[in-house]
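# Coordinate inspection notes
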Amino acid sequence: MQRASTSIGYGLKYQARCIADVKADTDHTSFITGTLSLKEENEVHLIRLDSGGMELVCEGLFSHPSEIWDLASCPFDQRIFSTVFSSGESYGATVWQIPELYGQLNSPQLEQIASLDSHTGQIKSVLWWPTGRHDKLIGVDEQNLLVWSLDSSKKTAQVHSKESAGKLRSWTGGSWDPHDVNAVALTSESVIQLWDLRTMKMSSSLERAHARAVDYDPKKQHILVTAEDEAGIRVWDLRMSKFPIADLPGHAHWTWAVRCNPVYDGLILSAGTDSTVNLWFTSVRSSDTPESPTELRTRRANPLLHAYSDYEDSVYGLAWSSREPWMFASVSYDGRVVVESIKPHLSRK
């Protein structure tokens, strides 16, 4: 757990694929992560950067009944989070609450708030309302998009609306637009589908986007970033969606995760099965007028700022810190959590 150059490490007991920033914890730089063990009892770790910024400390360790494939922290309550998990061939999703006095308990147990059990397909991800306090959640499974209404005080979740992907599509995940809470982007094989939650219908799509993950730029409206099968990331302007505005092929294998920085314009993280995390800077126009096709062909993407390659396994999980946006956490499949500072590279962007 000691510092090596700018990195701070923390070891999980088992394999892992997901990590999330605890956005609602405004007093600490905190992350939450979960394990993916087929035979052992899985764990959820609440970890925090110590006051000196030199070590990651485990603030809470909780047992979890199944393998954790996706994990997301509630944006307005630091004790609430969701997991997507599997047990054998069955998948499920649950909203959990960390007990209030967990630091004073010998073996604290997670409290189940609600089970999101109306999914008929293999559930892929749970998305929280992107801005402020709200009771809505989105669940994405292979065949269905569900909007849930969550009542944490009554420990209930009700399906607000539901729509099917159709027989020709299978969803793998998605992202909720922070600029338009009625818009969500869903990954589906070789296309990104953009859905309107008011009508529960697809409004448009990005063709030829072979994406494993997608993220909206929280600083600029209309900008979407995809993690591509073809060893890189793409940046899209949804106002001119036929072609990406930036194509960054900086990975040697599949790209599994992509995250836009919550504060700094143009800073993007990507990670994948080449055991590398890339830090990118892309210059995206902030004008309400999209670039012309000629500008798209001639504009050069800014270079890769840094490649973090000190990993021994595939990197599936990425999370920027909301409290200290120059910090990010990653988790590789071997259960190694690494927190890095990008401050040395900010002057180059």
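These remarks concern the structure in this document. Computed from a predicted model, the values in this text were never measured in an experiment.

The rules behind the values
- Counting from 1, residues in each chain are numbered in the order their sequence is written.
- For this predicted model, a pLDDT threshold of at least 70 governs which residues receive local features, and a threshold of 80 or more governs which side-chain atom pairs are given and counted, while totals over whole chains, interfaces and linings are taken from all residues.
- Excluded from the side-chain calculations are hydrogens and water; all other atoms, namely the structure's heavy atoms, are used.
- Secondary structure elements follow DSSP: runs of H or I of four or more residues count as helices, runs of E of two or more count as strands, with numbering from the N terminus.
- For each residue, the accessible area found with a 1.4 Å probe, counting protein chains only, is set against the maximum for its type, and the residue is called buried under 20%, exposed over 50%, and partly exposed in between.
- A pair of strands is treated as paired once DSSP finds two or more bridges between them.
- Here the axes come from fitting lines to C-alpha atoms, over the contacting stretch only for helices, and the angles between their N-to-C directions go from 0 to 180 degrees.
- A side-chain nitrogen of Lys or Arg and a carboxyl oxygen of Asp or Glu constitute a salt bridge if their distance falls within 4 Å.

### Examining the environment of leucine 101
For leucine 101, the location among the structural elements is in the loop between β9 (90-97) and β10 (111-115). Along the sequence, leucine 101 and glycine 121 sit 20 residues apart, while their C-alpha atoms lie 36 Å from each other.

### Considerations on the pairing of strand β7 (residues 67-73)
Counted residue by residue, β7 has 6 buried out of 7 residues, so it is predominantly covered. Where β7 lies against strand β8 (residues 80-87), 6 bridges are found, and the strand directions are antiparallel. The partner of alanine 72 across the bridge, within β8, is serine 82. The antiparallel pairing of β7 with β8 creates a hairpin that spans 6 residues between the two strands.

### Here we look at unusual backbone geometry
In this structure, glutamate 189 takes a positive phi of about 55 degrees despite not being glycine. Position of glutamate 189 relative to the elements: it lies in the loop between β16 (183-188) and β17 (191-196). Notably, serine 275 is not glycine yet its phi reads approximately 60 degrees, a positive angle. Inspection of the secondary structure assignment puts serine 275 in the loop between β24 (267-272) and β25 (277-281). Serine 275 sits in the buried class, given a relative accessible area of 15%.

### Concerning the sheet that holds strand β15 (residues 173-176)
On the basis of which strands lie adjacent, the open sheet formed by 4 strands has the order β15-β16-β17-β18 and antiparallel pairing. Two strands lie at the open edges of the sheet, namely β15 and β18 (201-207), each paired on one side alone. In this sheet, adjacent strand axes meet at a mean angle of 25 degrees when their direction is disregarded. Here 4 bridges tie β15 to β16, and the two strands are oriented antiparallel to one another. By the bridge assignment, glycine 173 is partnered in β16 with threonine 187.

### Section: the pairing of strand β13 (residues 144-151)
Here β13 lies mainly inside the structure; 7 of its 8 residues are buried. Note that strand β12 (residues 136-141) and β13 share 5 bridges and pair antiparallel. Residue leucine 137 lies in a different strand from β13, and its bridge partner there is tryptophan 148. In textbook terms, the turn of a hairpin is the stretch between consecutive antiparallel strands, and for β12 and β13 this stretch comprises 2 residues. Here β13 pairs with strand β14 (residues 156-164) via 8 bridges, running antiparallel. Bridge pairing in β14 links valine 147 to serine 161. The turn linking β13 back onto β14 is made up of 4 residues, and lysine 155 within it adopts a positive phi angle of 55 degrees.

### Observations concerning the pattern of salt bridges
As enumerated under the stated definition, the model contains 11 salt bridges in all. Aspartate 196 is the salt-bridge partner of arginine 198, the closest N and O atoms lying 2.9 Å from each other. Residue aspartate 265 is joined to lysine 220 by a salt bridge in which the shortest nitrogen-to-oxygen separation is 3.2 Å. Taken together, the residues aspartate 265 in the loop between β23 (255-260) and β24 and lysine 220 in the loop between β19 (211-216) and β20 (223-228) connect sequence positions 45 residues apart.

Note that all results are geometric; they support no functional claim without further evidence.
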